[in-house]
Amino acid sequence: MSMPSAAHTPSPYKQPMQWDIFCRVVDNFGDIGICWRLSQQMAAAGHSVRLWVDDASALRWMAPGALEGHVVGVSVLDWALSADAPTLATLTPADVWIEAFGCEIAPEFVATYAASMGANGQNSPHKPPVWINLEYLSAEPYAERCHGLPSPVMHGPAKAWTKHFFYPGFTDRTGGLLREPDLDRRQSGFDRSTWLGRHGIQWTGERLVSLFCYEPPLLEAFLDTLAHADTPTQLLVTHGRATQAVRHLEEKWLQRSLVKRGQLSISYLPPLTQNDYDHLLWACDFNCVRGEDSIVRALWAGKPFVWNIYPQDDNAHHDKLNAFLDMLDASPSWRQFHSAWNAMPHAANPLITLLKDWPQWALQAEAARQRLCAQDDLASQLIGFVQKNR
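Residues numbered from 1 in each chain as written. Predicted model: local features only at pLDDT ≥ 70, side-chain atom pairs only at ≥ 80, totals over all residues. Heavy atoms only, no water.

1. As for the packing of aromatic side chains
Taken as a whole, this structure holds 30 aromatic pairs when the rule is applied. A centroid spacing of 6.4 Å and a plane angle of 80° characterise the contact between Trp-131 and Trp-161, whose relative ring orientation is edge-to-face. With Trp-131 in strand β5 (residues 130-134) and Trp-161 in the loop between β6 (150-152) and β7 (162-166), the pair connects residues that are 30 residues apart, well separated along the chain. For the pair shown, Trp-131 and Trp-161 are each scored as buried. For the pair Trp-334 and Trp-361, a centre-to-centre distance of 5.8 Å together with 10° between the ring planes defines the contact as stacked. Linking Trp-334 in helix α13 (residues 332-341) with Trp-361 in helix α14 (residues 354-373), this pair joins segments that are 27 residues apart in sequence. Accessibility classification places Trp-334 together with Trp-361 in one group, the buried group. Clustering of aromatic rings is evident, with ring pairs tying together Phe-170, Phe-222, Phe-286, Phe-305, Trp-307, Phe-324, Trp-334, Phe-337, Trp-341, Trp-358 and Trp-361. (Phe/Tyr/Trp six-rings, centres within 6.5 Å; stacked < 30°, edge-to-face > 60°. Helix = DSSP H or I, 4+ residues; strand = E, 2+ residues; numbered from the N terminus. Buried < 20%, exposed > 50% of the residue type's maximum accessible area, 1.4 Å probe, protein only.)

2. What about unusual backbone geometry?
Only a minority of non-glycine residues have a phi that is not negative, and only a minority of peptide bonds are not trans. The backbone of Phe-101 sits at a positive phi, close to 60°, despite the residue not being glycine. When you line up the elements, Phe-101 lands in the loop between β4 (96-100) and α4 (107-117). With a phi close to 85°, Ala-160 is a non-glycine residue in the positive phi region. One can find Ala-160 in the loop between β6 and β7. On the accessibility criterion, Ala-160 (51% relative accessible area) is exposed.

3. Side note on the nonpolar core
One finds Trp-19, Leu-211, Phe-222, Phe-324, Leu-328 and Phe-337 to be the most contacted residues of the largest nonpolar core, which totals 108 residues. Not counting residues up to four positions away in its chain, the partners in contact with Phe-222 are Val-209, Phe-286, Cys-288, Phe-337, Trp-341, Leu-351, Leu-354 and Trp-358. Trp-79, Val-110, Trp-131 and Ala-158 belong to the second-largest nonpolar core, a separate cluster that totals 19 residues. (Core = buried A, V, L, I, M, F, W, Y, C linked by side-chain atoms within 4.5 Å. Contact = heavy atoms within 4.5 Å.)

4. Comments concerning the pairing of β5
Summarising burial for β5: five of the five residues are buried, a large majority. Burial of the side chains of β5 extends over both faces: Val-130, Ile-132 and Leu-134 are buried on one face and Trp-131 and Asn-133 on the other. Sheet analysis places β4 next to β5, joined by five bridges and oriented parallel. Looking at β5, one finds that Trp-97 is bridged to Trp-131. One ladder, built from four bridges, connects β5 with β7; its direction is parallel. (Pairing = 2+ DSSP bridges.)

5. Focus: the sheet that holds β5
An order of β3-β2-β1-β4-β5-β7-β6 is seen for the seven strands of this open sheet, with the pairing classed as mixed. Edge strands, defined here as strands with exactly one partner in the open sheet, are β3 (74-78) and β6. Mean inter-strand twist for the sheet, computed between neighbouring axes without regard to direction, equals 25°. Bridge count between strand β1 (residues 18-23) and strand β2 (residues 48-53): six bridges; the pairing is parallel. Opposite Ile-21, over in β2, you have Leu-51 as the bridge partner. (Axes fitted to C-alpha atoms, helices over the stretch in contact; angles between N-to-C directions.)

6. With respect to a nonpolar patch on the surface
A cluster of nonpolar residues, Val-26, Tyr-136 and Tyr-310, forms a patch on the protein surface that exposes about 300 Å² of accessible area. The class of Tyr-310 is partly exposed, set by a relative accessible area of 42%. (Patch = residues over 30% accessible without salt bridge, like charges linked within 9 Å, V, L, I, M, F, W, Y side chains within 5 Å. Areas by Shrake-Rupley, 256 points an atom, 1.4 Å probe, with all protein chains shown as cover. Salt bridge = Lys/Arg side-chain N within 4 Å of Asp/Glu carboxyl O.)

7. Let's talk about helix α15 (residues 378-389)
Side chains three or four residues apart in an α-helix point the same way, a direct result of the helix having 3.6 residues per turn. For α15, which comprises twelve residues, the first-to-last C-alpha distance of 16 Å matches the rise-based estimate of 16 Å (1.5 Å per residue) to within 8%. Within α15, burial applies to Leu-378, Ala-379, Leu-382, Ile-383, Phe-385, Val-386 and Gln-387. The N-terminus of α15 is capped by Asp-377, whose side-chain oxygen sits 3.2 Å from the backbone nitrogen of Ala-379. (Expected span 1.5 Å × (residues − 1). Polar contact = N/O pair within 3.5 Å; in protein donor to acceptor, adjacent residues only side chain to side chain.)

8. Quick word on the sheet that holds strand β9 (residues 233-237)
Sheet architecture is open: five strands sit in the order β10-β9-β8-β11-β12, paired in parallel fashion. Whereas interior strands pair on both sides, the edge strands pair on one side only; in this sheet they are β10 (264-268) and β12 (305-308). Direction aside, the axes of adjacent strands within the sheet are offset by 15° on average. Where strand β8 (residues 207-211) and β9 come together, five bridges link them in parallel fashion. Opposite Leu-208, over in β9, you have Gln-234 as the bridge partner. Together, β8, β11 (286-290) and β12 form the strand contacts of α13, whose direction differs from that of β12 by roughly 35°.

Everything listed here is a matter of coordinates, which is why it stays silent on function.
In structure tokens form, the structure reads like this:
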């Protein structure tokens, strides 16, 4: 299934705006995935977006047609061009600049627009852009404390302009989560059997588990638990590191003559568009996800899940994961499974009661989904914030 063009709907805010969104790819899925979803939602609300990115290669499979300009309202531009004077001379000044995840806009880009506007925009019909630093997602308390705070620019050609910190989050005192206006409608019309058949997945009613991960240390024991369960399970493995991790385990099993996997069957998936990744999560009974974009999509799926959080050298991700589990009001067994999956200290073997506890986790996941859906989404909050600060 290819990515559809953004359907334009009248913006509930004053007038269409030009957005410049800047993205430096670190993970190759999460950063660009979030920026693409945001760009598409802005375009769907009637705005125009220039997405500046240093590595857009993932969009070829994540959002077919994006690089060719087939999504109305969104242009994907090479980051290097943001420092190219001839290119900058042709661009309409933007109303909004978004630095995604701490990336810094090229000094040449800032200088060009500052020069065209004069000090504080006094010599130009254009106002300085609303300049936003879009931060990483976290349930930790600092997200509420820092959301919306101004940061004056103290040096350089944009001196006296202001940046604002914008924190996605899980409470009404943060910027919310990316969520399309038609998400509920699309989910309610989703047909699991049809989607699986369209992707060549032979399904006869067995339990379905999706796997999108790094290399969790619990992976082999997790698969062994599924293999020895009473109910058959089909594991749907995403392209990339998850496939490599499971293929490595299969080689070990072959070396030990463990060619039979009991109740577990494994299917390997090709790269999926963002829409089809959502469909995968909706189709499965349990989802193993990784990074920031997929955890939000897992929340919207409303199914039990485990999050392989992006590891940090100083183990700061431990606090981030614990805060997230607090937000979920996760049961002790769900916490233990997350801890083991992420190589954190845990009190007991989380696999002993894994299958028995899934129904309880499902109830908690659906409760979180309902609670979060009642909040304003990230794109709507960004638009409102920009209109308020223009």
